[in-house]
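Now for the letters of each chain:
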Amino acid sequence: MTRHAILVIDMLNDFANEKGALYCPGAARITKNLQELLKWARDRKAEGKDDVQIVHIQEAHREDDADFRVRPRHAVRGTWGSDFIEELYPERGEYIVPKRRHSGFAYTDLDLYLREEGIDTVVVTGVWTNVCVRSTATDALARAYKVITLSDGCDSKTEEMHEYGLKDLSIFSKVMTIDEYIDAWQKGLDPWEGGGDPENKVE
């Protein structure tokens, strides 16, 4: 039986709030979509199905992180900026993975957690499509996970950045919408095998 992990990447105040240090306007466009996706996954779990897990990836830097040599100071561990936005706050039992680099796999225990849970498919969402989402998806592929990208569940600073990110992701992941993803499950199909655009192309 296939088991999926929906990774909600960096939906934090510093990225998804207008007052954030690295505000990403695209975050507002996907918040409602992700709320609907997480509600579906939580309802599924409440029904006793455990084939879809929710994992929250949280950028949480140290005070003088090397990342700040190339980007503005942001998402410092324990601060408002590193906290999750209210609309997508983790619920009890949902795993949280703090990270200090773009990829959710870089120097974290994400891979260990996924293997402990028997996850074979990683579903990427969040911000930014062309940076942290793409980096996490790339590292998932390198660890032999199947990768699904939800096109309306991730976004970037500009639409152009988002589209470039999706084009890159379509090379090695299955790109589909949230509705297509949910519809496949409801039809009893593994979304990786039986949902979305069979040609998996982003023009």
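Structure: above.
In short, a report on the structure. (Residues numbered from 1 in each chain as written. Predicted model: local features only at pLDDT ≥ 70, side-chain atom pairs only at ≥ 80, totals over all residues. Heavy atoms only, no water.)

### Here we look at the overall build of the chain
Test applied: Each helix is a run of DSSP H or I of at least 4 residues and each strand a run of E of at least 2, with the numbering of both proceeding from the N terminus. C-alpha atoms define the radius of gyration in this analysis, and the globule rule sets the expected value at 2.2 Å times the number of residues to the power 0.38. Contacts are assigned to residue pairs that have any heavy atoms within 4.5 Å of one another. Neither His nor the chain ends is counted toward charge; the positive residues are Lys and Arg and the negative residues Asp and Glu. Taken as the charge location is NZ of Lys, CZ of Arg, CG of Asp or CD of Glu.
A tally of regular secondary structure across the chain gives seven helices and six strands. What you see in the chain, going N to C, is helices and strands ordered as β-α-α-β-β-α-β-α-β-α-β-α-α. Radius of gyration (C-alpha) of the chain: 16 Å, near the 17 Å computed for a compact globule of 203 residues. Projected onto its principal axes, the C-alpha coordinates of the chain cover approximately 45 × 40 × 30 Å. Counting contacts in the chain only where the partners sit at least 6 residues apart, residues at least 24 apart contribute 74% of the total. Positive and negative side-chain charges in the chain, numbering 27 and 38 respectively, have mean positions lying 4 Å apart.

### Regarding the sheet that holds strand β2 (residues 52-59)
How we decide: We treat two strands as partners when DSSP finds at least two bridges between them. Working convention: axes come from line fits to C-alpha atoms, limited for helices to the stretch in contact. Angles between N-to-C directions cover 0 to 180 degrees.
In space, the six strands of this open sheet follow the order β3-β2-β1-β4-β5-β6, with parallel pairing throughout. Each edge of the open sheet carries a strand with a single partner, namely β3 (95-99) and β6 (174-176). If you compare each strand with its neighbour and ignore which way they point, the axes differ by 25° on average. When strand β1 (residues 4-9) meets strand β4 (residues 121-127), the two strands line up parallel, connected through six bridges. Within β4, the residue paired with His4 across the bridge is Thr121. Along the sheet, helix α6 (residues 178-186) contacts β1, β2, β4, β5 (146-155) and β6; its crossing angle with β5, the most-contacted strand, is approximately 135°.

### Here's the deal with the nonpolar core
For clarity, the threshold we go by: Working definition of a nonpolar core: buried Ala, Val, Leu, Ile, Met, Phe, Trp, Tyr and Cys residues. They are joined through side-chain atoms within 4.5 Å. Throughout, exposure labels follow a simple rule: accessible area from a 1.4 Å probe, protein chains only, divided by the maximum for the residue type, with under 20% read as buried, over 50% as exposed, and the rest as partly exposed.
In this structure, Ile6, Leu7, Met11, Leu37, Trp40, Leu114 and Tyr181 are the most contacted members of the largest nonpolar core, which totals 54 residues. For this core, the leading source of residues is helix α2 (residues 26-46), giving seven residues.

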